[in-house]
Amino acid sequence: MTTGQTTPQPWRVIEIVGGYRRALAVLGAWRADVFTALDKGPHTHRQLADKLGLHQEALRDLLHALTELELLTLGKDGAYTLTPHAACLVPGRPGYIGGFLDNQETEVHPAWSGLADTLRTGRPTPRDEDDRPYDLYESEERRDGFVDAMDFIVAPLARQIAERDWSGYRSVLDVGGARGSLATTLAEAHPHLRAAVFDLPALEPAFTRFTAGRVSAGRLTFHPGDFFKDPLPRADAVILGHVLHNWPQDARRSLIRSAAEAVNPGGALLIYDAMLDEDTPRLVNSLLSLDMRMWSGGSQYLADDCVSWLAEAGFRDVERHAHGASSSLVVGHKP
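Described below are features of the structure shown in this document. Remember, predicted model here, so these are calculated numbers, not experimental data. Along each chain, residues carry numbers from 1 onward, in the same order as the chain's sequence is written. Only residues with pLDDT of at least 70 get local features here, since the model is predicted, and only at 80 or more are side-chain atom pairs given and counted; chain-wide, interface and lining totals rely on the full set of residues. For side-chain calculations, the full set of non-hydrogen atoms in the structure is used, while hydrogens and water are omitted.

## Examining the overall build of the chain
To be explicit about the condition: Only DSSP runs of H or I with at least four residues qualify as helices, and only runs of E with at least two residues qualify as strands; both kinds are numbered from the N terminus onward. Whether two residues touch is decided by their heavy atoms; if any such pair falls within 4.5 Å, the residues are in contact. None of His or the chain ends enter the tally, which takes Lys and Arg as positive and Asp and Glu as negative. One atom stands in for each charge, and that atom is NZ of Lys, CZ of Arg, CG of Asp or CD of Glu.
In terms of helices and strands, the chain carries 13 helices and ten strands. With the C-alpha coordinates aligned to their principal axes, the bounding extent of the chain is approximately 65 × 60 × 45 Å. Restricting the contact set of the chain to residue pairs at least 6 apart, pairs at least 24 apart contribute 66%. Here the chain contributes 34 positive and 45 negative side-chain charges, whose respective centroids are spaced 2 Å apart.

## Quick word on the pairing of strand E3 (residues 79-82)
Worth spelling out the cut-off: Two strands are said to pair when DSSP picks up at least two bridges between them.
Note that strand E1 (residues 43-44) and E3 share two bridges and pair antiparallel. Across the sheet, residue Thr-44 finds its bridge partner in E3, namely Ala-79. Summarising the sheet, strand E2 (residues 72-74) and E3 pair through three bridges and their orientation is antiparallel. Bridging from a neighbouring strand, Leu-74 pairs with Tyr-80 of E3. What sits between the antiparallel neighbours E2 and E3 is a turn of four residues, in which Gly-78 has the positive phi angle 85°.

## Observations concerning helix H12 (residues 283-295)
Put simply, the test is: Multiplying 1.5 Å by the helix residue count minus one yields the expected span of that helix.
If you check H12, its first and last C-alpha atoms are 18 Å apart, about what 13 residues at 1.5 Å a residue would give, namely 18 Å. Looking at the residues trailing H12, positive phi occurs at Gly-297, about 90°.

## What about the nonpolar core?
Within soluble globular proteins, side chains that are nonpolar tend to cluster in buried spots. Applicable threshold: The criterion is simple. A nonpolar core is a set of buried Ala, Val, Leu, Ile, Met, Phe, Trp, Tyr and Cys residues joined through side-chain atoms within 4.5 Å. Partly exposed residues are those whose accessible area sits between 20% and 50% of the maximum for their type, while under 20% is buried and over 50% is exposed, using a 1.4 Å probe and protein chains only.
In terms of nonpolar packing, the biggest core is built from 28 residues, with Trp-166, Val-172, Leu-182, Leu-186, Ile-239, Leu-270 and Tyr-272 touching the most fellow members. Within the residue set of this core, elements represented by two or more residues are helix H8 (140-162), helix H9 (181-189), strand E5 (194-199), strand E6 (220-224), strand E7 (235-241), strand E8 (263-273) and strand E10 (327-333). Filtering out sequence-adjacent residues up to four positions away, Ile-239 remains in contact with Trp-166, Val-172, Leu-173, Asp-174, Val-175, Leu-182, Leu-186, Leu-270 and Tyr-272.

## Quick word on the environment of Phe-228
By the element assignment, Phe-228 lies in the loop between E6 and E7. Between the C-alpha atoms of Phe-228 and Leu-255, which are 27 residues apart in sequence, the distance is 7.0 Å. Ignoring sequence-local partners within four residues, the contact set of Phe-228 consists of Trp-247, Ala-251 and Leu-255.

## Description of the sheet that holds E2
Going by this rule: For every element, the axis is a line fit to its C-alpha atoms; helices are fit only across the contacting stretch, and the angle between N-to-C directions ranges from 0 to 180 degrees.
In space, the three strands of this open sheet follow the order E1-E3-E2, with antiparallel pairing throughout. Looking at the sheet topology across the chains shown, the edges are occupied by E1 and E2. Across the face of the sheet, helix H5 (residues 56-68) comes into contact with E2 and E3 while running at roughly 110° to E2.

## So, unusual backbone geometry
Even without being a glycine, Ala-178 presents a positive backbone phi close to 55°. Mapped onto the secondary structure, Ala-178 falls in the loop between strand E4 (171-175) and H9. Ala-178 gets classed as buried once you look at its relative accessible area, which sits at 13%. At Asp-317, a position not held by glycine, the phi torsion is positive, near 50°. Mapped onto the elements of the fold, Asp-317 is located in strand E9 (residues 316-323).

## Looking at the packing of aromatic side chains
How we decide: Centre distance within 6.5 Å is the pairing criterion for rings of Phe, Tyr and Trp, where only the six-membered ring of Trp is used; planes under 30 degrees apart are then read as stacked, over 60 as edge-to-face, and the remainder as tilted.
Tallied over the full model, the rule gives six aromatic pairs. Summarising the aromatic geometry, the rings of Phe-207 and Phe-222 are spaced 5.3 Å apart at their centres and angled 45° between planes, so their arrangement reads as tilted. Remark: Phe-222 occurs in strand E6 and Phe-207 occurs in helix H10 (residues 204-211); sequence separation between them is 15 residues. Between Phe-227 and Trp-247 the ring centres are 6.3 Å apart and the planes differ by 85°, which places this aromatic pair in the edge-to-face class. Of this pair, Phe-227 sits in the loop between E6 and E7 while Trp-247 sits in the loop between E7 and helix H11 (249-262), placing them 20 residues apart in sequence. Looking at Phe-227, the relative accessible area reads 14%, which means it is buried. Here the aromatic cluster, defined as three or more aromatic residues joined through ring pairs, consists of Phe-227, Phe-228 and Trp-247.

## Topic: helix H6 (residues 98-111)
Between its first and last C-alpha, H6 extends 19 Å over 14 residues, near the 20 Å set by a 1.5 Å rise per residue. Those residues of H6 lying buried are Gly-98, Gly-99, Leu-101, Asp-102, Asn-103, Gln-104, Glu-107, Val-108 and Ala-111. Those residues of H6 hidden inside the fold are in contact with helix H2 (19-31), helix H7 (115-121), H8 and H12.

## Quick word on the pairing of E8
By the criterion of burial, E8 is predominantly enclosed, with nine of the eleven residues buried. The pairing of E7 with E8 spans six bridges and is classified as parallel. If you follow Ala-235 over to E8, its bridge partner there is Val-263.

Set out below in structure tokens:
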């Protein structure tokens, strides 16, 4: 071997490609209620197969795979037990991500079948005429499950935003804020703030249930509407979090202009997303970008571009900050 060269590792490629099977193993076990059954106590593969009506040997193979994935442990008595990592796969447990899993299995994964076409055209995977992104909001069960998962993902980012200095603002509007997780976090951390959410009418019942009985409920408001058709309510601070990646660039810039009109003079627009960096590739952000290109026609975008869009919309002193493990926060100040 020549000095400085790396020995080829074809098994590394095989391991990467095999990742698809790992995802399907977890999703299949979740659909078959394996994690729910094991949450009630340890079971051998035979006991579990009898309980769930599954083939014993096929289930044994799946349980072995889940053990290697560190979602289960296998005891000397032959019984399987959930690891702490698997708690999020059990309905009713804190941090349950069933809505996220359903979205990945039924929406995002099928869209990846169109990767070759998207690479040629830049357009999303063709869908049935009556099948649109975010149709999941039309089903209460799927909508609430998806929002549960998104709240879990956004929670640490919301806490980080709440730690900013909000003393100069009296009102905040979270555009696309779903049932109000971020708005509630801000209102509870800063009693002087009035927080509002603007989102599709289908999400208002979820907002009402989520905010009912909270000490901040009197300072929380939901505004139903379509942000591409309806004007946004005015506020001192407007937030676009995990929103712009859903749409192509022209739609993003249009939404930023609408948000700029909604920001009161002297206020700010805050945008957070899993933005891209031209010089520092991040696997998770790149895959999320491809998810959106093939599913909705959107994508992740360069943080530098986001800074330019805010400057173009009239914001000054535009700041860019690292936000969470893989996100960026861009803040523009309105004169």
